[in-house]
Amino acid sequence: MLSKALGMIETRGLIASIEAADAMLKAADVTLLRQDKVDAALVTIVIEGDVSAVQAAVEAGKEAATRYGTVVSSLVIPHPDTETKELIKKGRSL
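Conventions adopted
- Residues numbered from 1 in each chain as written.
- Predicted model: local features only at pLDDT ≥ 70, side-chain atom pairs only at ≥ 80, totals over all residues.
- Heavy atoms only, no water.
- Salt bridge = Lys/Arg side-chain N within 4 Å of Asp/Glu carboxyl O.
- Helix = DSSP H or I, 4+ residues; strand = E, 2+ residues; numbered from the N terminus.
- Buried < 20%, exposed > 50% of the residue type's maximum accessible area, 1.4 Å probe, protein only.
- UniProt positions renumbered as here; feature names shortened; annotations may be inferred.
- Expected span 1.5 Å × (residues − 1).
- Arc of directions from axis to C-beta.
- Contact = heavy atoms within 4.5 Å.
- Patch = residues over 30% accessible without salt bridge, like charges linked within 9 Å, V, L, I, M, F, W, Y side chains within 5 Å.
- Areas by Shrake-Rupley, 256 points an atom, 1.4 Å probe, with all protein chains shown as cover.
- Pairing = 2+ DSSP bridges.

### Quick notes on the pattern of salt bridges
Under the defined criterion, the tally for this structure stands at 5 salt bridges. With its nearest N and O atoms 3.2 Å apart, the salt bridge here joins arginine 67 to glutamate 19. Pair noted here: arginine 67 is in the loop between α2 (51-65) and β4 (70-77) and glutamate 19 is in helix α1 (residues 14-27), with a separation of 48 residues, a long-range link. Here glutamate 48 makes a salt bridge to lysine 85, at a shortest N to O gap of 3.0 Å. In this pair, glutamate 48 sits in strand β3 (residues 42-49) while lysine 85 sits in helix α3 (residues 82-89), placing the two residues 37 residues apart along the sequence. Assigned by exposure class, glutamate 48 and lysine 85 land together as buried.

### Overview of the environment of alanine 40
Among the secondary structure elements, alanine 40 is positioned in the loop between β2 (30-37) and β3. According to the relative accessible area criterion, alanine 40 is exposed, its value standing at 88%. Each C-alpha atom of the pair alanine 40 and isoleucine 88 lies 21 Å from the other, and the pair is 48 residues apart in sequence.

### Comments concerning the UniProt feature "domain: BMC" (unreviewed entry) in the protein chain
Following the UniProt record, one finds the feature "domain: BMC" (unreviewed entry) at residues 5-89. Helix makes up 44% of residues 5-89 and strand 38%. Its end C-alpha atoms lie 12 Å apart.

### Description of α2
Taking 1.5 Å per residue as the helical rise, α2 with its 15 residues ought to reach 21 Å, and the 21 Å between its terminal C-alpha atoms agrees with that figure. Within the span of α2, buried status applies to Val51, Ala53, Val54, Ala57, Val58, Gly61, Ala64 and Ala65. Buried residues of α2, viewed axially, fall in a sector of 155 degrees; they line one side. Exposed and facing more than 90 degrees away from the buried side of α2 are Ser52 and Glu63. Among the structural elements, β1 (5-12), α1, β2, β3 and β4 are those in contact with the buried residues of α2.

### Observations regarding a nonpolar patch on the surface
Taken together, Leu14, Ile15, Ile18 and Tyr68 make up a surface patch of nonpolar side chains, about 410 Å² in accessible area. As for its position among the elements, leucine 14 is in helix α1.

### Structural notes on the pairing of β1
The element β1 is extensively covered by neighbouring structure, given that 7 of its 8 residues are classed as buried. Summarising the sheet, β1 and β3 pair through 8 bridges and their orientation is antiparallel. Across the sheet, residue isoleucine 9 finds its bridge partner in β3, namely isoleucine 45. Looking at chain direction, β1 and β4 are connected through 7 bridges and run antiparallel. Of the residues in β4, the one forming a bridge with leucine 6 is isoleucine 77.

This is how it looks when you write it as structure tokens:
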């Protein structure tokens, strides 16, 4: 079984994060794992899928989010270690 990749986008603003999540889910075959509100303005979206799908989705999400807010950071972890994957998946779920 192939290991799945994890992708994250952190935005400044809730609307930008929603736009990013929508674009990511429409751009590739990925699964939305979580949306975390870090503080009053920072929101992180976490997705999972095949490496190429996650890379494409993160790029689409970054482009979409910049129309409504600011992309603070993004990350794609191609084949995360099991412990890293569990660490990221823990917490509040959607």
